[in-house]
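Listed below are the residues making up each chain.
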Amino acid sequence: MNLSSTIKSIQDIMRKDDGVDGDAQRLGQLTWMLFLKVFDQREEEWEDDNAAYRSPLPERYRWRNWAAYKADAEGKKKPQIAGSELIGFVNNELFPALKDQIDADRSPQHKVIREVFRDANNYMKSGPQMLAVIEKLEDAINFHDFKTRASLGDVYEQMLNDLRGAGNAGEFYTPRAITAFMADRVNPRLDQRETVMDPACGTGGFLTAAIDHFRNQLATMKSPRPEDKRAIEALIHGIEKKQLPHLLCTTNMLLHGIDVPSQIEHRNTLGIGWNEWNANDKVDCIITNPPFGGYEDDGVGSDYPADLRTRETADMFMALIIKKLLKENGRAAVVLPDGFLFGDGIKGTLKKLLLRDCKLHTIIRLPKGVFAPYTSIKTNLLFFTKGATVDDGTEHFHTDTIWFYEHPYPAGYKSYSKTKPIRLEEFKPEQEWWGSEDNDFADRVENEFAWKVDFNTKREQAEASAQPHWQRAEALNNQAAALEGEAGDLRKSLVGTTDAAYRETIDAQMAELRAKAEPLRLQARDAQAAGDRIYWPIFNLDLKNPNAPEEETHDPDVLLEKYKKLLGEIEETENQLKSELAAALAHHFTGVEAADA
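Residues numbered from 1 in each chain as written. Predicted model: local features only at pLDDT ≥ 70, side-chain atom pairs only at ≥ 80, totals over all residues. Heavy atoms only, no water.

Strand order in the open sheet formed by nine strands is 5-4-3-6-7-9-8-10-11, with mixed pairing between adjacent strands. Both edges of this open sheet fall to strand 5 (264–266) and strand 11 (450–454), since each of them pairs with a single strand only. Mean inter-strand twist for the sheet, computed between neighbouring axes without regard to direction, equals 15 degrees. Bridge analysis of strand 8 (residues 358–365) against strand 10 (residues 401–406) gives four bridges, and the strand direction is parallel. (Pairing = 2+ DSSP bridges. Helix = DSSP H or I, 4+ residues; strand = E, 2+ residues; numbered from the N terminus. Axes fitted to C-alpha atoms, helices over the stretch in contact; angles between N-to-C directions.)

So this is what it looks like as C-alpha cells:
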C-alpha cells in the first residue's frame with residue numbers, strides 16, 4: 001500500500017471513532033501523532049550524529065517508548081500499551097506532560113514541543129482504533145528512507161488541500177500554485193541571506209514554497225557550503241494565531257527538512273502592540289495570504305495610529321507589513337480580495353500609504369474560484385517593494401506606474417474547483433512577461449491580459465484639480481478660527497467681572513462671532529469634500545482591463561448588476577456636480593450677505 005493510500009486508510013479508521021468529528025479534527029489528530037513519529041525518527045539521526053544529544057521529551061513519552069511496536073521473544077511486533085489502557089495513558093499522562101512539563105526556555109527544541117502541544121487535543125476515544133492508526137504509521141512512515149521523506153511532504157500537502165472543504169479550516173490553506181508563483185516572483189536570495197516571513201502563516205504553504213525556492217538555488221550553486229544549507233532554517237519566519245494550523249505548519253516544516261522549527265511562533269501577530277515591533281523584527285521578504293473578512297476582538301489594534309485603526313484583519317496586516325515588518329527595499333507579495341482594491345475609508349488610507357511608502361509595481365487579478373470551495377471571492381496578488389524614507393516635510397510617492405495582469409482561465413474552464421485547481425504552469429505567461437525590477441520593468445509590454453496605469457500622472461492631475469477646493473477650505477477654516485479666537489478672547493475678558501450688563505454685552509458679541517464662524521465651517525467642509533471627491537478616487541485600484549474584448553452577455557443577473565453600477569455612477573456624478581457648484585457659489589452668496597449686513 002502506498003503512502004497516500006495509507007493516510008486515507010488512517011482517516012477511514014478515525015471515521016469509526018466516536019470522538020473524532022469532521023476532516024479538521026481528523027487531520028489535527030493525525031498530525032500530532034505524525035509529528036511525534038517523525039520527530040522520533042529524526043532524533044535517531046541526531047543521536048547517530050552526536051552521542052551527547054539529549055531529547056527535549058521526557059523519556060517515557062518519546063514515541064519509541066509508548067507507541068512504537070516492539071518485537072517480542074518470537075520476533076513478532078506488538079504494541080507496548082494495550083488498547084484498553086491507551087486512551088487513559090494519552091489523556092492522563094502524555095498530554096499533561098507535553099503541555100505542562102516541558103520548559104520552553106531550555107532550548108529551541110523544547111520551545112517547539114511546548115508550542116505544538118500547548119493547545120493540541122486527543123479526540124480519539126477508542127484505544128483499539130488508536131492502536132490501528134499507530135500500526136499504520138509504523139508500517140508506512142520510515143523517515144530514514146529518502147523516497148518516503150520526499151513523498152511524505154507531497155502527501156501532507158494533499159491532506160492540507162483537503163482542508164479547503166472543511167468549513168473555516170479552508171482559510172489556512174493557499175493553493176500550491178499560488179504559493180510557488182509568489183515565492184518565485186519575490187525571489188528571496190539564499191546567497192544574500194534574505195529573511196522571509198509569513199505573519200499569518202496558516203499551515204505553512206508560503207514558507208515551504210520559500211524553502212523549496214532556497215533549495216533550488218542551493219542546487220544551482222557551483223560550490224555550496226554546509227553553512228548555506230544550514231542557513232535556510234534561520235531565514236524562515238512564521239507566526240500563526242490558531243492551534244490547529246500552527247500544529248500543521250510545525251509538522252510541515254519538519255517534513256520539509258526544518259529540524260527545529262522554533263521560528264514558527266504560536267501567537268497573534270495582530271495582538272502585538274504597535275510600538276512593540278522594532279527594527280530587528282523587519283525582514284527582507286514577506287509572502288502571505290492574510291485572513292480577510294474577519295474581525296479582531298475589541299482592544300486588539302487599539303494602539304495603532306488613529307488613521308490606521310481598524311478591526312478588519314486584512315487591513316491590520318497591511319498596515320503592519322508596510323510600516324513595521326518590511327525592511328527598506330524589502331519585497332512583498334500579498335493575496336487580497338477585490339474589496340481591498342475598490343474600498344474607501346480605512347482601505348483608501350491604506351492604499352495611499354502603500355502607494356506612497358512602497359512601489360506597487362504589479363497586481364495579478366485572479367478569476368473566481370481559486371480558493372473554492374472555501375470561498376468564491378475574487379482575489380488579487382499584490383507585489384510591491386518598500387521605498388527609502390524621505391523626510392523633507394513633503395509627500396513623496398514611490399509608486400509611479402502600476403502594471404495589471406488579468407489571469408485567464410485555462411481553455412475550457414469556466415471556474416476552478418477542488419478537483420480542477422489552479423496549476424503552476426498556468427503562470428508561465430506571467431513569468432515570461434515579468435521582466436526585471438532592476439530596470440523598472442522596462443521590457444514589459446501591454447497585451448490582451450496586461451496593461452499599465454500611469455498613477456503618477458493621475459495623482460498629479462487629481463491634486464491639481466482638488467487643490468483649489470482644499471485651499472478654499474483652508475482659507476474658510478482660518479477665517480472661522482479667527483472669529484472663534486476673537487470670541488475666546490472676549491470670554492477671557494469676563495474672568496473676574498460681576499457686571500451683569502457688561503457680561504450681557506460680551507455674550508452678545510460672542511454669539512455674533514460664532515454665528516459668523518458657523519457657516520464658514522460648513523462652507524469649508526463642503527469645499528474639503530469637493531476636493532476629496534476629486535482626489536480619493538485615484539486610490540480605487542479595481543480597474544477593468546482596457547485591452548480585453550467586450551463580452552456580450554444576456555445573463556439577467558449580469559445585466560442587472562451593470563445597470564445598478566451605472567445608476568450609482570450617475571448618482572455619484574450628480575452629487576459631485578452639485579457639491580462643486582455649491583462650493584463655487586458659496587463665496588458669492590457669502591459676499592452678498594456681507595454687503596447686505
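Anyway, onward from the coordinates.
Once that is clear, we can look at the layout of surface pockets. In this structure, the largest pocket occupies an estimated 2,400 Å³ of space. If you trace the largest pocket, you find 45 residues lining it, with Arg-365, Lys-378, Asp-542, Lys-544 and Lys-565 closest to the centre. For the lining of the largest pocket, the elements supplying multiple residues, two or more each, are helix 12 (338–342), helix 13 (346–357), helix 16 (500–535) and helix 17 (556–596). In terms of residue count, helix 17 provides more of the lining of the largest pocket than any other element does, seven residues in total. (1 Å grid on protein atoms, 1.4 Å probe; cavity = no way out; pocket = protein on both sides within 12 Å on 5 of 7 lines; lining within 4 Å. Points joined across faces, edges and corners; volume = space filled by probe spheres on them.)

We now examine unusual backbone geometry. Even without glycine at this site, Asp-440 takes up a positive phi of about 60 degrees. Assignment of secondary structure puts Asp-440 in the loop between helix 14 (428–433) and strand 11. Residue classification places Asp-440 among the partly exposed positions, given a relative accessible area of 48%. Even without being glycine, Phe-441 reaches a positive phi, approximately 55 degrees. Note on placement: Phe-441 falls in the loop between helix 14 and strand 11. (Buried < 20%, exposed > 50% of the residue type's maximum accessible area, 1.4 Å probe, protein only.)

Our next topic: the environment of Lys-242. Secondary-structure assignment places Lys-242 in the loop between strand 4 (236–240) and helix 10 (243–255). Lys-242 sits in the partly exposed class, given a relative accessible area of 38%. Residues Lys-242 and Asp-119, 123 residues apart in the sequence, show an inter-C-alpha distance of 8.9 Å.

Below, the discussion takes up the packing of aromatic side chains. Taken as a whole and assessed by the stated rule, the structure comprises 29 aromatic pairs. Ring plane angle 80 degrees and centroid distance 5.5 Å describe the contact between Tyr-535 and Trp-536, whose orientation is recorded as edge-to-face. The exposure class of Trp-536 is partly exposed, given its relative accessible area of 31%. Aromatic rings pair up to connect Phe-181, Phe-383, Trp-403, Tyr-405, Phe-427, Trp-433, Trp-434, Phe-441 and Phe-449 into one cluster. (Phe/Tyr/Trp six-rings, centres within 6.5 Å; stacked < 30°, edge-to-face > 60°.)

Here we take up empty space enclosed by the protein. Here the structure, examined in full by the defined rule, presents three cavities of 30 Å³ or more. Estimates place the volume of the largest cavity at around 70 Å³. Around the largest cavity sit Ser-4, Ile-7, Lys-8, Gln-11, Val-155, Gln-158, Met-159 and Asp-162, which together line it. Mapped by element, the contributors of at least two residues to the lining of the largest cavity are helix 1 (3–15) and helix 6 (146–162). Grouping the constituent residues of the lining of the largest cavity by class yields three nonpolar, three polar and two charged. (Nonpolar A, V, L, I, M, F, W, Y, C, P; charged D, E, K, R; others polar.)

Counting through the fold element by element, Asn-456 comes out in helix 15 (residues 455–493). You can call Asn-456 buried: its relative accessible area is 19%. Within the structure, Asn-456 has its side chain in polar contact with the side chain of Arg-459 (distance 2.8 Å). (Polar contact = N/O pair within 3.5 Å; in protein donor to acceptor, adjacent residues only side chain to side chain.)

Looking at soluble globular proteins, one finds that nonpolar side chains tend to be buried together. Trp-32, Leu-36, Trp-66, Leu-94 and Phe-117 are the most contacted members of the largest nonpolar core, which has 60 residues in total. For this core, the secondary-structure elements that each account for two or more residues are helix 1, helix 2 (22–49), helix 3 (83–100), helix 4 (108–117), helix 5 (127–140), helix 6 and helix 10. Examining the composition of this core, we find that 10 residues originate from one element, helix 2, more than from any other. Counting 50 residues, the second largest nonpolar core, distinct from the first, contains Ile-272, Val-300, Met-318 and Phe-397. (Core = buried A, V, L, I, M, F, W, Y, C linked by side-chain atoms within 4.5 Å.)

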